[in-house]
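# Results of the structural survey
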Amino acid sequence: MAAHGTIAVTQPRRVAAINLAKRVAEEVGTPIGQKVGYSIRFDDASSRDSLIKYMTDGIMLRELLSDRLLLRYSVIILDEAHERTLRTDILFGMVKSIQKQRQDMIEQGRRDVQPLKIVVMSATLDAEKFSEYFYNAKIMYISGRMYPVKILNTVEPQSDYVDSALVTAFQIHQEEAPGDILIFLTGQEEIENLEKLIEEYATDLPPHVGKLIPCPIFAAQDSTTQQRIFEPAPPGTRKVILATNIAETSITIPNIRYVIDTGCHKSRGYNAKIGIESLLVEPISKSSARQRMGRAGREAPGICFRLYTEDAFDELEEDAVPEIKRCNLESAILSLKATGIDDVTGFDFMDRPPKSGMLRSLEHLYALEALDDEGKLTEIGKKMAAFPVDPPYAKVLLQSEKMECTKEAIEIISLLSVDSIFSSPSAKREEANEARQKFVSLDGDHLTLLNTLRAYESVKGDRDWCRENFINSRHMRHVIDVRKQLIQFCERSGMDPKRTCGQDLEIVLKCFLAGFFQNTALLQPDGTYKSVIGGQTVSIHPSSSLFGKKREAIMYNELVFTTKHYIRGVSALESAWLSQAAPKYFGRRQA
DNA sequence: GAGCACTGC
């Protein structure tokens, strides 16, 4: 260990951790992984001698499980704090408490303990909030480097921002100096609609005006398609990038001089009272609008066209609601409990999550047998917390040992816990659907995914095969990484990851019920499905292999309200299995 | 008949 302890720098995103580490290693003039290192899931380029270690905040939360006082670090820098991700917020409370505990130990005469310095880096305007939380910590202001960006608001509110974006893009193209355009939209469907409209209108441009080329970018695309936005526009032409929020923080696109901000994004929400997640179009915050604007001024002065009025901007919230107040807390609460924090409702949150959400999560963890009647972590809970997957998946893994299907459980969990391996560009929807048919299992998505993984491996992950079969190869490689890691974790906890149920795949579905018995629905006489817990009418998502099918009972991976209550990752069950799966569920609640 | 973005020793 370094004489003064390592400096840790946490980041919400993996790429940021890698890029910062590489840049700093270069400045210091040492190879990456020695004095300057990074650590992210699947890729640890750090050593015990690293003086500075960049890492994702998820990694630091994992490290806390085995080193509760983070003794190997003397300084912890929490970067991008203004984003207020769930993990950053949990870390705030943890490092604050650790700092105090270490100080107490030093005052009691412990010489082997060093004080912990905490640095919070935030691009927010109200640094006071962070300062007050950390015992009135000193604030330092550092100005950023950016070219000026002129802001133009609309005079009237716009009824159809996709249409206004179309008109504005062509206006820029015909009247303004060269430089690409970036339009912020809310999702794939909107992006693909606007792409088509731009292509249609572009054919009507006068001959002396250069082409306007639409370039869509969103997370579900495969990587070769995503790379296209980095190709420069041919001379005399102009690119117009159609992006989701991926371009706000995750991907930096060069040569942008003009930003068109629709003022909206899709936002994950969570109704803690009924325990249902949603994904809905909502107005962005002022800080998000400023972030979008800044994308026009990275290389030269730019212009930001806001498709809403100045009054509308003034009415936006200053910052987005912190994720911790609008998400499912099961995973976070299990982490807290496993780090020795029993009284989670008394935890020193910077912003307190709704009590109803905490109670619901505690109840679910109890139902999964991760907590006992007193709300204490059980042996099962301790094992669950060690797995790098959500609690229901962890429960399935433990159950798979008893049901002798660990191999299949690991594989299906890997497939379900990444973004969809099936890509479906709307222009080739029929083709994509047809390609998928050869993997479809009548039992539903769990076994369909398993079939697809087996087929992928039989061709050794061939890229052309993926393209022909509309399989997202980036997501599929991620599946393989997760599987490898889960195999290691199972071995470490004394399980046999090779244990297989062979052809008797019904067992695997029963095994999944151990974690997902609350995510079940029964067919009604009118042909709809109603959830067993809560009695909510749910619809099978069109991307599911059971879409349009009627089975007596179904289990689902996820329920999200968008235009309907859609369930994804759906498989058929026998209703008799349900009563066997969850004897403890109707037990009493405990904090 | 359709899902924003992240993350896990």
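Here the structure is a predicted model, which means the values were calculated and not measured. (Residues numbered from 1 in each chain as written. Chains lettered and ligands numbered in written order. Predicted model: local features only at pLDDT ≥ 70, side-chain atom pairs only at ≥ 80, totals over all residues. Heavy atoms only, no water.)

## Quick look at the protein's contact with DNA strand B
- As a matter of local geometry, DNA strand B sits amid 38 residues, with Ser66, Ala219, Lys266, Arg268 and Arg568 nearest to it.
- At 2.4 Å, a backbone N or O of Ala219 approaches a phosphate oxygen of DNA strand B.
- Interatomic distance of 3.1 Å between a backbone N/O atom of Val389 and a base nitrogen of DNA strand B.
- Considering each element in turn, the surface near DNA strand B owes the most residues, 6 residues, to helix α2 (residues 57-66).
- Looking at the surface near DNA strand B, its residues break down into 14 nonpolar, 12 polar and 12 charged. (Near = heavy atom within 4 Å. Polar contact = N/O pair within 3.5 Å; in protein donor to acceptor, adjacent residues only side chain to side chain. Helix = DSSP H or I, 4+ residues; strand = E, 2+ residues; numbered from the N terminus. Nonpolar A, V, L, I, M, F, W, Y, C, P; charged D, E, K, R; others polar.)

## Notes on the side chain of Lys286
- By the element assignment, Lys286 lies in helix α9 (residues 286-294).
- Among the polar contacts made by the side chain of Lys286, one reaches the main-chain carbonyl oxygen of Asp314 at a distance of 3.1 Å.
- For Lys286, the residues in contact, after removing those within four places along its chain, are Phe313, Asp314, Leu316, Glu317 and Glu318. (Contact = heavy atoms within 4.5 Å.)

## Some details on the sheet that holds strand β5 (residues 73-78)
- What the 6 strands build is an open sheet, ordered β3-β2-β4-β1-β5-β6; its pairing is mixed. The open sheet has two edge strands, β3 (43-45) and β6 (117-120), and neither has a second partner. Sheet twist, expressed as the mean angle between neighbouring strand axes with direction ignored, is 20°.
- Note that strand β1 (residues 6-11) and β5 share 5 bridges and pair parallel. (Pairing = 2+ DSSP bridges. Axes fitted to C-alpha atoms, helices over the stretch in contact; angles between N-to-C directions.)

## Let's talk about the pairing of strand β18 (residues 553-561)
- Here β18 lies mainly inside the structure; 7 of its 9 residues are buried.
- Across 2 bridges, the pairing between strand β13 (residues 276-283) and β18 is parallel. The residue bridging Glu277 from the neighbouring strand is Val560, located in β18.
- In the sheet, strand β15 (residues 520-523) pairs with β18 via 3 bridges, with the strands oriented antiparallel. The residue of β18 that forms the bridge with Thr520 is Met555.
- Pairing analysis gives 8 bridges linking β18 to strand β19 (residues 565-573), with the strands arranged antiparallel. Among the inter-strand pairings, Glu558 is bridged to a residue of β19, identified as Arg568.
- In textbook terms, the turn of a hairpin is the stretch between consecutive antiparallel strands, and for β18 and β19 this stretch comprises 3 residues. (Buried < 20%, exposed > 50% of the residue type's maximum accessible area, 1.4 Å probe, protein only.)

## Re the pattern of salt bridges
- Taken as a whole and assessed by the stated rule, the structure comprises 24 salt bridges.
- In this structure, Arg23 and Glu27 form a salt bridge, with 2.8 Å as the shortest nitrogen-oxygen distance. Of this pair, Arg23 and Glu27 are both found in helix α1 (residues 14-28), 4 residues apart, which corresponds to roughly one turn of the helix. For the pair formed by Arg23 and Glu27, the shared burial category is exposed.
- We note a salt bridge from Arg84 to Asp89, for which the minimum N-O separation is 2.7 Å. The pair Arg84 / Asp89 is uniform in exposure class, with both members buried.
- When salt bridges that share partners are traced, they join Arg84, Asp89, Lys129, Lys325 and Asp351 into one network. (Salt bridge = Lys/Arg side-chain N within 4 Å of Asp/Glu carboxyl O.)

## Concerning the pairing of strand β10 (residues 238-243)
- Among the 6 residues in β10, 6 count as buried, and that is most of the element.
- Neither face of β10 is open: one carries Arg238, Val240 and Leu242, the other Lys239, Ile241 and Ala243, and all of them are buried.
- Summarising the sheet, strand β8 (residues 180-184) and β10 pair through 4 bridges and their orientation is parallel. For Leu182, the partnering residue across the bridge sits in β10 and is Ile241.
- Bridging between strand β9 (residues 212-217) and β10 involves 6 bridges; their strand directions are parallel. Bridging across to β10, Ile213 finds its partner in Lys239.

## Quick word on the UniProt feature "domain: Helicase C-terminal" (unreviewed entry) in chain A
- Feature annotation in UniProt assigns "domain: Helicase C-terminal" (unreviewed entry) to the following positions: residues 165-340.
- Regarding residues 165-340, the helix share stands at 34% and the strand share at 25%, and the terminal C-alpha atoms are separated by 51 Å. (UniProt positions renumbered as here; feature names shortened; annotations may be inferred.)

## Points about the packing of aromatic side chains
- All told, the structure shown has 11 aromatic pairs when counted by the stated rule.
- Geometrically, the ring pair formed by Tyr133 and Phe134 is edge-to-face, given 4.9 Å between the ring centres and 85° between the ring planes.
- On the basis of relative accessibility, which here comes to 8%, the residue Phe134 falls in the buried class.
- Ring plane angle 75° and centroid distance 4.8 Å describe the contact between Phe347 and Phe349, whose orientation is recorded as edge-to-face. Comparing Phe347 with Phe349, the two get one shared label, buried.
- Site record: aromatic cluster; members linked through ring pairs are Phe92, Phe130, Tyr133 and Phe134.
- Sitting over the ring of Phe313, Lys286 keeps its end group 5.9 Å from the ring centre.
- Its end group placed over the ring of Phe489, Arg492 keeps NZ or CZ at 4.8 Å from the ring centre. (Phe/Tyr/Trp six-rings, centres within 6.5 Å; stacked < 30°, edge-to-face > 60°. Lys NZ or Arg CZ within 6 Å of the ring centre and 35° of its normal.)

## Thoughts on the sheet that holds strand β14 (residues 302-306)
- If you trace the 6 strands from one edge of the open sheet to the other, you get β7-β14-β11-β8-β10-β9, paired in parallel fashion. Single-partner strands in this sheet number two, and they are β7 (149-153) and β9. Each adjacent strand pair in this sheet contributes to an overall mean axis angle of 20°, direction not counted.
- Contacting β8, β9, β10, β11 (256-261) and β14, helix α5 (residues 161-175) crosses the sheet at an angle of about 155° to β11.

## Some remarks on unusual backbone geometry
- Of note, Leu70 is a non-glycine position whose phi angle comes to about 45°, a positive value.
- Tracing the backbone shows Leu70 in the loop between α2 and β5.
- Classification of Leu70 by relative accessible area gives buried; the value is 0%.
- Even without being glycine, Glu80 reaches a positive phi, approximately 55°.

## Quick notes on the side chain of Glu63
- Within the fold, Glu63 resides in helix α2.
- Here Glu63 falls in the buried class, since its relative accessible area comes to 14%.
- Within the structure, Glu63 has its side chain in polar contact with the side chain of Lys53 (distance 2.8 Å).
- Beyond its immediate sequence surroundings of up to four residues, Glu63 is in contact with Lys53, Met55, Arg72 and Tyr73.

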